[in-house]
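# Observations on chain architecture
Chain by chain, the residues:
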Amino acid sequence: MLRVLAVDDEKPLLEELLYLLRSDPRVSSAEGASDATEALRRVTRALESGPDGPDGIDVVFLDIHMAGLTGLDVARLLAGFARPPLIVFVTAHEGFAVQAFDLKAVDYVLKPVRPERLAEAVRRACAQLGRPTESAPSTDPAGTPSPPPVVPAQRRPAPDVTVSDRSAEQIAVELGGVTRFVAIADIAYVEAQGDYARLHTDDGSHLVRIPLSTLEERWAPRGFVRIHRRHLVALGRIDELRLDGGTTSVRVGSAELQVSRRHSRELRDLLMRQATG
C-alpha cells in the first residue's frame, strides 16, 4: 500500500487528483498540498518520523507549473534527502519530460488526468517499491465491491518508446497514456535530447526514450544519416545543401540543420549519388 502526497496549486485539480488516488485500493492514504512550500514541509516531517512513522510518504504526485517553486525545483530539493519519496509528475505540459526523467521520476502523467493512466503510474510506483502491483477489488463506503482500475496491456512498459512489434515500418509513441503509431516514413529528422530523441514530422514532434545512436543504427537501412552529434536526417527529406564560408548546413522543410565537418563530405557524396541515381 502506498502513502501519497499530491501537490497542485489549483484546488479543483488537486481535489480531482486526490479523489482518483483515494479510489485506488493500492493507496492507503492520500493527502494534498497546495504549494511547494507546504509540500516540502510535509515531506520533511515524513522523513523525520521515519519510513514507518505516522507521517510517512512513499510517493509525491507533483505538478510542475506552480507559483513560487516549480515542481522541478521541488524534485531537485527532494533528491538531496537521504531517502526521498518517489516522484510522479502530473502536468499539462509535455515539454518537461526530459528534465523529469533526468530527476529519476517514476512517471510523467499529462493532464487532464485519465483514471486508467493514473492507475498505471500507481502500478509503476508499487513496482519500484516492491509492493503488489495489481489492484484487488475495492469496496465503496456502502460496502459494495467495485472493480479495480483497468490498465491496458500496452501501457505497462515505462514511459518510453520502443520499435513497435506491430510493424517494422512504425514506432510506438506513448503520450498521456495513449499509444500512437508514427510511420517512420513520416519522420524528417531526429534531434538528440540527452538519452532521449525528438522525432520531427510534418505534423509536429514526439519525444521518445531511445538514444540517437540506437536510432542511427536501426534506421540506416531506411535512409537515415547522421549529420551532426545532435541530428539524424532522412536523406530523401533534404531539400537543400548549403555551403557558406567553410560551414555546411541542410534545409529540411522549414528547419535548417548544421552539418558537422566529419559528416560533410560523406553527406555530399550520398546526395550526389542520390541525384545521379
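For the structure given in this document, a descriptive report is provided here. All of these numbers come straight from a predicted model, not from anything done at the bench. (Residues numbered from 1 in each chain as written. Predicted model: local features only at pLDDT ≥ 70, side-chain atom pairs only at ≥ 80, totals over all residues. Heavy atoms only, no water.)

### Examining the packing of aromatic side chains
Applying the stated criterion to the full structure yields 2 aromatic pairs. The interplanar angle of 45 degrees and the centroid separation of 6.3 Å between the aromatic rings of F101 and Y108 together place this pair among those described as tilted. Ring plane angle 45 degrees and centroid distance 5.0 Å describe the contact between W219 and F224, whose orientation is recorded as tilted. The class of W219 is buried, set by a relative accessible area of 2%. (Phe/Tyr/Trp six-rings, centres within 6.5 Å; stacked < 30°, edge-to-face > 60°. Buried < 20%, exposed > 50% of the residue type's maximum accessible area, 1.4 Å probe, protein only.)

### So, the nonpolar core
L5, V7, V60, L62, F89 and Y108 are the most contacted members of the largest nonpolar core, which has 28 residues in total. Put simply, the parts of the chain that give this core at least two residues each are β1 (2–7), α2 (36–49), β3 (59–62), α3 (71–78), β4 (86–91), α4 (97–102) and β5 (107–110). The dominant element in this core, judged by the number of residues it contributes, is α2, at 5 residues. L2, V4, V106 and V122 belong to the second largest nonpolar core, which has 22 residues in total. (Core = buried A, V, L, I, M, F, W, Y, C linked by side-chain atoms within 4.5 Å. Helix = DSSP H or I, 4+ residues; strand = E, 2+ residues; numbered from the N terminus.)

### With respect to the sheet that holds strand β12 (residues 204–208)
Pairing is antiparallel in the open sheet, where 5 strands are placed in the order β12-β11-β10-β14-β13. At either margin of the open sheet sits one strand with a lone partner, and together these are β12 and β13 (224–228). Each strand of the sheet is rotated relative to its neighbour by a mean of 25 degrees, with strand direction disregarded. One ladder, built from 3 bridges, connects strand β10 (residues 187–193) with strand β14 (residues 231–234); its direction is antiparallel. Bridging across to β14, V190 finds its partner in L232. Contacts between helix α6 (residues 212–219) and the sheet are confined to β10, β11 (196–201), β13 and β14, with β10 contributing the most and set at about 150 degrees to the helix. (Pairing = 2+ DSSP bridges. Axes fitted to C-alpha atoms, helices over the stretch in contact; angles between N-to-C directions. Contact = heavy atoms within 4.5 Å.)

### Some words on α3
For α3, the set of buried residues is G71, L72, V74, A75 and L78. In an axial view of α3, the angular spread of the buried residues amounts to 160 degrees, which keeps them on one side of the axis. (Arc of directions from axis to C-beta.)

### Considering the side chain of D63
Within the secondary structure layout, D63 lies in the loop between β3 and α3. Engagement of the side chain of D63 in a polar contact is seen with the side chain of K111, the distance being 3.3 Å. In this structure, D63 is in contact with V7, D8, D9, G71, V90, T91 and K111, ignoring residues within four places of it in sequence. (Polar contact = N/O pair within 3.5 Å; in protein donor to acceptor, adjacent residues only side chain to side chain.)

### Let's talk about the pairing of strand β16 (residues 247–252)
Pairing geometry for strand β15 (residues 240–244) and β16, over 5 bridges, is antiparallel. Within β16, the position partnered with L243 by the bridge is T248. A loop of 2 residues connects β15 with β16, the two strands running antiparallel in sequence, and G245 in this loop sits at a positive phi of about 60 degrees. Bridging between β16 and strand β17 (residues 255–259) involves 5 bridges; their strand directions are antiparallel. Note that in β17 the partner of S249 across the bridge is Q258.

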